[in-house]
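# Secondary and tertiary structure notes
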Amino acid sequence: MDTLVSIRVFCQVVELKSFAAAADRLGLSPAMASKHVMQLERRLSTRLLNRTSRRVGLTEAGMVYFEQVRQMLDSLDEVEAVVSRATVIPRGSLKLSAPVWFANPHFARALAEYRSLHPEVQLDIDLSGRLVNLIDEGFDLALRVTPSLDEGLIARPLTKIIMQFVASPHYLESAGRPKAPADLGHHAFLKYAHYPVREITLPGPDGEVTLALKDVLLSGNETLLHHAAVAGMGVAVLPIWLIADDLAAGRLEPVLPEWTTIEAQLYAVYPSRKYLSAKVRTFIDFIAADPRLKQAAAVSSATRPADVMMAKRRPVISKGKRRA
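So, a few notes on the structure that sits alongside this text.

Turning next to the packing of aromatic side chains. Considering all chains together, one arrives at 6 aromatic pairs under this definition. Both rings, one in Phe-10 and one in Phe-66, keep their centres 6.3 Å apart while their planes meet at 70°; by these two values the pair is edge-to-face. In this pair, Phe-10 sits in helix 1 (residues 3-16) while Phe-66 sits in helix 4 (residues 60-86), placing the two residues 56 residues apart along the sequence. Like Phe-66, Phe-10 is buried.

Rendered as structure tokens:
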């Protein structure tokens, strides 16, 4: 028998002074209620109740036991109420991992609106861009773009993002504007440092073209790659929402957009679907429905640009040792 259930039965018998009343309250038969109390007495090797045909009373040992376990049950009930309430009402700290370039006005406004709807949630957001271990590091949720999802994690698609090869007009005037995918092999490439690649395969007018990348800048910070592209340092692969203003103002230009525009999927990734807390559930639902993020494609990759290239247009990345 379950000892905790037996303790609850014992307390009900004491409080109601009747096996029959306790059994009725707990949905048990009087015989089963009696068996639960007898099981406790055998476990403790002492009598807890004095029973007669007319009444039930505590023994001295039973009185000590009842006072202690009643407090224990009250505390347990309080904890269960708090935890159960947290699965209904969003509350507590929500620890979230997202890419560096989520530090933007679109996402900040979304966070402010979510907090206005759920003021009991505290947001703890890591925008380092590293691929965190959700379980080991205690994260509730991560926003990621990736073609391969971690085994054992749950991933909910949120919205599409567009990635684009871009460069500044100054750079393109100096280095020459590519006319075909093969021309990209002669250009300076600004690359995400945490994903070493040697080659990229793009669709071309005469079939696929495999290019060796000429890296001039490697950085683990995608925002630096963005600024370097604007400064005329080379060609970068960046999300449209991040560069929309630069494209509109002429600070950046798409490079061969008919061949290098890539559509990818943003996922909300979390450890388990079972007993999903209200804070996680409501945040995912809110982000999935937020029109600002959809309109601006205002999401980015928590993984590497090379991962994103393997999305809908599927250019092929060849891994290898990083070249000096």
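In the structure shown here, the tally under the stated rule is 10 salt bridges. Residue Glu-120 is joined to Arg-91 by a salt bridge in which the shortest nitrogen-to-oxygen separation is 2.6 Å. With Glu-120 in the loop between helix 5 (105-117) and strand 4 (121-126) and Arg-91 in the loop between helix 4 and strand 3 (92-97), the pair connects residues that are 29 residues apart, well separated along the chain. For the salt bridge of Arg-251 with Asp-246, the shortest nitrogen-to-oxygen distance reads 2.7 Å. Accessibility expressed as a relative area gives 39% for Arg-251, which makes it partly exposed. A cluster of three or more residues bridged by salt bridges with shared partners is formed by Asp-126, Arg-130 and Glu-137.

Looking now at helix 10 (residues 278-289). Here helix 10 contains 12 residues, and its C-alpha end-to-end distance of 16 Å stays within 8% of the 16 Å for a straight helix at 1.5 Å per residue. Within helix 10, 9 of the 12 residues are buried, which leaves it mostly tucked inside the rest of the structure.

This brings us to the pairing of strand 7 (residues 188-192). Across the 5 residues of strand 7, 5 count as buried, placing the element largely inside the fold. Judged by which residues are buried, strand 7 turns out to be covered on both faces: Ala-188, Leu-190 and Tyr-192 on one side and Phe-189 and Lys-191 on the other are all buried. Bridge count between strand 7 and strand 10 (residues 214-219): 5 bridges; the pairing is parallel. By the bridge assignment, Lys-191 is partnered in strand 10 with Leu-218.

When we look at burial in helix 8 (residues 240-249), the residues that qualify are Trp-241, Leu-242, Ile-243 and Asp-246. Lining the buried residues of helix 8 we find helix 5, strand 6 (154-167), helix 7 (222-230) and strand 11 (235-239). Immediately beyond the C-terminal end of helix 8, within one or two residues, lies Gly-250, with a positive phi of roughly 85°.

Rules used throughout
- Residues numbered from 1 in each chain as written.
- Predicted model: local features only at pLDDT ≥ 70, side-chain atom pairs only at ≥ 80, totals over all residues.
- Heavy atoms only, no water.
- Phe/Tyr/Trp six-rings, centres within 6.5 Å; stacked < 30°, edge-to-face > 60°.
- Helix = DSSP H or I, 4+ residues; strand = E, 2+ residues; numbered from the N terminus.
- Buried < 20%, exposed > 50% of the residue type's maximum accessible area, 1.4 Å probe, protein only.
- Salt bridge = Lys/Arg side-chain N within 4 Å of Asp/Glu carboxyl O.
- Expected span 1.5 Å × (residues − 1).
- Pairing = 2+ DSSP bridges.
- Contact = heavy atoms within 4.5 Å.

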